[in-house]
Amino acid sequence: MVDPAVQVDRLSKRYRIGRSLVQGADQPRPLRWRASPFGQLASSFRAAGEDEILWALKEVSFEVNQGEVIGIIGRNGAGKSTLLKLLSRITEPTSGKALLHGRVGSLLEVGTGFHPELTGRENIYLSGAILGMHRSEVERKFDEIVAFAEVDRFLDTPVKRYSSGMYVRLAFAVAAHLETEILLMDEVLAVGDAAFQRKCLGKMGDVATQGRTVLFVSHNMVAVQNLCPRAIWIQDGQVAEMGGSREVVSHYLSTAAQTQMERVWPEPASAPGNEWVRVHRVGIRPEASAASQLLTMETPLALEVEFWNLIPGERLHAGWRVLTDDQIVVFSTAANDRDPQVGTNGLPAGLVRSVCHVPAGLLNEDIYRVMLLVFRNSTRVIFRMDDALTVDITDLGTRRGSRYVREPGVVRPLLDWETVVEGQPGFAD
Amino acid sequence: MRVPASSERSDPSMAARDLRPMTITIQRSKGWASLGLRDIWEYRELLGYLVWREIQGAYRQTALGMSWLFLRPIVNMLILSLVFGRMIQVPSDNVPYPLFSLAGLLVWGFFSNGAMRGARSLVANMNVISKVYFPRLIIPIAGASSGLVDLGAAFCVFFVALLLYRMPLRVEMVWIPLFTLVALGCSLAIGLWLATLSVKYRDVEFAVVFLLQAMMYLSPVIYPVSIVPESIRWLYALNPMTGVIQGYRWALLGIEPAPGAEMVLAVVITLVGMIAGAYVFRRTERTVVDLL
């Protein structure tokens, strides 16, 4: 019989959000303090109105067995981080209860408590103490931590002189060597280079085999599927699904809620555009031939735009620019790329539809932003819509050699290779 | 939030720890929770590191480094002696004014630095607080205690000055640690209250400077208690630092009167302020992260 290590019973957390914030509140943001001190003073005595209350977590219940590694997934703002904050005692729940059987180590962000002026050695002790380790414990693990972080030459250098990679490595190393029965981890792997991410995930795998209980919050679906037999999907502060991670992840991905895959404006009058053009619809979807409805690295995609041409005889054509989440242009394409005749003939007034076919095996696992461009007279950009679409391309890990972590690269083309064994001189025939 | 059976963590052997499984219960705490002193004892090493970080971090990459610890009391003393001793001719109870002012400055500097650091500590350490749990009381305690090193350095300066003026060491100096403790308690009390307030109201950042400045003029730092009118002495003694500074001057320089009723009052006020401050702080700490 396995004992539960973590028992969560109808745990809820309510935030009161500032009134001015309500309309644009995508994410749970605690109280915001406004410029007016008296307004603020007054508002803290006023009972919170219905529209000011945000349940970041509502009646969440689950159990995690001892030695189990469980993934927690969900889109940004769904309540995953709030859950970890409650479990690691950073803040208190509004109602409900959780029992944790064992010492708890939390790793909500690497580098917690590092002081830039102190050396690597000093910071190891300091951040160990913040995480609840005793000096003797840190001393016992010291060499291991240093070896793992690969910073032995810089131990007596202030960490402010460290490269960001070294900093992250050292921080993760300290936390990873915590010997707690329960470990809470939040997205620490989003930092560092690919090689180090791999090392961290490997270390996590080790942790799991030592019989320790791990709650792992991540956006990295491949890592969740590989490391966690079970997963919890949290949506709008509630448990949407709990079960085998493969199943939960695929259900989660199919909702693709964090992306903007289609936008429609029914009336030209209220649609974005100008005196020449109004946009009716933009969208991205898997090609009809695609096997799955998921947008994966292996899915051929169709980028569609429908726009109203307002002035008869205008020579307009559409174009797309695909960017990464950090605004690096991946490629630009326009309807007249292959055929210069497109866009030189005048269009009648009315709706125009263009489809661009993006082949499978081009984009990497990433969030891409798609910008819409409309050109006039072949070259001049007369309309541009930033972030017309946001696409999340996922990696199902079907490609040989793909591991837990995202391969770096803006694109991830599937290329042809030829490998021939030539033999060595002297060994021929 | 309570941690029922966590006190054995200091045991160096892992096996012994494992024999005592502990359960952490997470739920909303109601009313006035305990101060969690046991938890603080658990994390005493962290307290040490934080104090040390405060001191070390402050003087790294400064040209004068740790000399600042000595320079500050010397320069302060010289300025006070010039302005108040020479120019304004403030009486100093028949003791050379530099020694007189230095004895007051010693403990005043310790107190005001501690109160200031304590008041700012919570906001300054928000990045850590929002990422990891540890007893939050440690932060203002570390802030207030970090001044002990400055005090030690200032004492070195004082003893050198004592030597230069050929003044004797006195037996009464053994009382100094006790008076220092009262000053520490006093700075912690103010630090706790202001730190709690600073979470909601960033005004504290500015207010603390004014508050300490006002308190300095209302404490006998640059002048002797003897020039305070008798009729308002009782009001004056409500400031615990009055008793502490008087105690310091008596123990170090033999300036009468020896602390009596004032000191008792100072201790009582300090204790009340500190304990009340700790409870208020504990009450806020549960959800302090949400207020940011």
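Quick caveat: nothing in here was measured; it's all calculated off a predicted structure.

Q: Describe in detail the environment of A:Lys58, supporting the description with residues and values.
A: All names here are of chain A. Considering the arrangement of structural elements, one finds Lys58 in strand 2 (residues 53-65). Looking at Lys58, the relative accessible area reads 35%, which means it is partly exposed. Through-space distance from the C-alpha of Lys58 to that of Ser95 is 9.0 Å; in sequence the pair is 37 residues apart. The residues touching Lys58, leaving out its near neighbours within four places in the chain, are Leu11, Ser12, Gly237 and Gln238.

Q: Help me get a handle on the packing of aromatic side chains, residues and values and all.
A: According to the stated counting rule, one finds twelve aromatic pairs over all chains in the structure shown. Relative to B:Tyr248, the ring of B:Phe155 lies with its centre 6.0 Å away and its plane at 40 degrees, an arrangement referred to as tilted. With B:Phe155 in helix 8 (residues 147-164) and B:Tyr248 in helix 12 (residues 240-253), this residue pair connects regions lying 93 residues apart in the sequence. B:Tyr248 carries the same exposure label as B:Phe155, and that label is buried. Following the ring pairs from residue to residue traces out a cluster consisting of A:Tyr125, A:Phe142, B:Tyr49 and B:Trp52. Over the ring of B:Tyr133 we find A:Arg89, and its NZ or CZ is 3.8 Å from the ring centre. Just above the ring of A:Tyr125 sits the side chain of A:Arg135; from NZ or CZ to the centre is 4.6 Å.

Q: Lay out the interface of chain A and chain B in plain terms, naming residues and giving numbers.
A: Listed by partner, the interface residues are 52 residues for chain A and 44 residues for chain B. Taken together, both faces of the contact between chain A and chain B bury some 4500 Å²; the carbon and sulfur share is 56%. Area buried by chain A at its contact with chain B is led by A:Arg89, A:Glu92 and A:His134, which between them contribute 19% of it. Our count for the contact surface shared by chain A and chain B stands at zero salt bridges. Where the side of chain A that touches chain B is concerned, the elements lending two or more residues are strand 1 (4-16), helix 1 (37-45), helix 2 (80-87), strand 4 (95-101), strand 5 (104-107), helix 3 (120-130) and helix 4 (135-149) of chain A. The element best represented in the side of chain A that touches chain B is strand 4 of chain A, accounting for six residues.

Q: Residues and numbers for the sheet that holds strand 14 (residues 329-334) of chain A, please.
A: Residue and element names in this part refer to chain A. Strands sit in the order 14-13-16-17 across an open sheet of four strands; the sheet is antiparallel. Sheet topology places strand 14 and strand 17 (380-393) at the edges, where each strand pairs with a single neighbour. Strand after strand, the sheet turns through a mean of 20 degrees between neighbouring axes, direction not considered. Across five bridges, the pairing between strand 13 (residues 316-324) and strand 14 is antiparallel. Along strand 14, the bridge assignment pairs Val322 with Phe331.

Q: Let's hear about the sheet that holds strand 1 (residues 23-27) of chain B: which residues, and what values?
A: In spatial order, the strands read 2(A)-1(A)-4(A)-1(B); together these four strands make up an open sheet with antiparallel pairing. Of all strands in the sheet, those bounded by a partner on one side alone are strand 2 of chain A together with strand 1 of chain B. The average angle at which neighbouring strand axes cross in this sheet is 15 degrees, direction not considered. Across five bridges, the pairing between strand 1 of chain A and strand 4 of chain A is antiparallel. Each bridged residue has a counterpart across the sheet, and for A:Ser12 the counterpart in strand 4 of chain A is A:Ser95. Where helix 2 of chain A meets the sheet, its contacts fall on strand 1, strand 2 and strand 4 of chain A together with strand 1 of chain B, and the angle it forms with strand 1 of chain A comes to roughly 115 degrees.

Q: Tell me about the nonpolar core, residues and numbers included.
A: Within soluble globular proteins, side chains that are nonpolar tend to cluster in buried spots. Among the nonpolar cores identified, the biggest contains 167 residues, and A:Leu87, A:Leu215, A:Phe216, B:Tyr248 and B:Leu252 are the most heavily contacted of them. The greatest single-element share of this core, amounting to 14 residues, is contributed by helix 5 (residues 97-124) of chain B. In terms of nonpolar packing, the next biggest core, distinct from the first, is built from 36 residues, A:Ala271, A:Val282, A:Ile284 and A:Leu363 among them.

Q: Give a description of empty space enclosed by the protein that names residues and reports values.
A: Applying the stated criterion to the full structure yields eight cavities of 30 Å³ or more. Quantified by volume, the largest cavity comes out at close to 190 Å³. Every residue lining the largest cavity is counted, 17 residues in all, and those nearest its centre are A:Arg89, A:Val104, A:Gly105, B:Tyr43 and B:Tyr133. With three residues, the top contributor of residues to the lining of the largest cavity is strand 5 of chain A.

Q: Before we move on, can you summarise the confidence of the model for chain A with the specific residues and values?
A: Residues and elements named next belong to chain A. Averaged over all residues, the pLDDT of chain A equals 80, while 83% of them reach at least 70. Model confidence for chain A, summarised as mean pLDDT per element, is weakest for helix 1 at 52 and strongest for strand 12 (residues 301-309) at 94. Of the regions scoring below 50 in pLDDT, residues 19-37 engages in 28 contacts with residues more than four places distant in sequence or in other chains.

Q: Please provide a residue-by-residue account of the environment of A:Thr209, values included.
A: Mapped onto the elements of the fold, A:Thr209 is located in helix 6 (residues 194-209). In sequence terms A:Thr209 and A:Glu68 are 141 residues apart; their C-alpha atoms lie 9.1 Å from each other.

Q: Tell me about the pattern of salt bridges, residues and numbers included.
A: Residues and elements named next belong to chain A. Scanning all chains against the criterion turns up 19 salt bridges over all chains. Across the salt bridge formed by Arg10 and Asp9, the nearest N and O atoms sit 3.5 Å from each other. Across the pair Arg230 and Glu68 runs a salt bridge whose closest N-O atoms are separated by 2.5 Å. Highlighted residues: Arg230 in strand 8 (residues 230-235) and Glu68 in the loop between strand 2 and strand 3 (69-73), separated in sequence by 162 residues. On the accessibility criterion, Glu68 (13% relative accessible area) is buried. In this structure, a network of salt bridges that share partners links the residues Glu262, Arg281, Arg285, Glu304, Glu306 and Arg353.

Rules used throughout
Residues numbered from 1 in each chain as written. Chains lettered and ligands numbered in written order. Predicted model: local features only at pLDDT ≥ 70, side-chain atom pairs only at ≥ 80, totals over all residues. Heavy atoms only, no water. Helix = DSSP H or I, 4+ residues; strand = E, 2+ residues; numbered from the N terminus. Buried < 20%, exposed > 50% of the residue type's maximum accessible area, 1.4 Å probe, protein only. Contact = heavy atoms within 4.5 Å. Phe/Tyr/Trp six-rings, centres within 6.5 Å; stacked < 30°, edge-to-face > 60°. Lys NZ or Arg CZ within 6 Å of the ring centre and 35° of its normal. Buried area = accessible area lost by both parts, 1.4 Å probe. Salt bridge = Lys/Arg side-chain N within 4 Å of Asp/Glu carboxyl O. Pairing = 2+ DSSP bridges. Axes fitted to C-alpha atoms, helices over the stretch in contact; angles between N-to-C directions. Core = buried A, V, L, I, M, F, W, Y, C linked by side-chain atoms within 4.5 Å. 1 Å grid on protein atoms, 1.4 Å probe; cavity = no way out; pocket = protein on both sides within 12 Å on 5 of 7 lines; lining within 4 Å. Points joined across faces, edges and corners; volume = space filled by probe spheres on them. pLDDT = per-residue confidence, 0-100.

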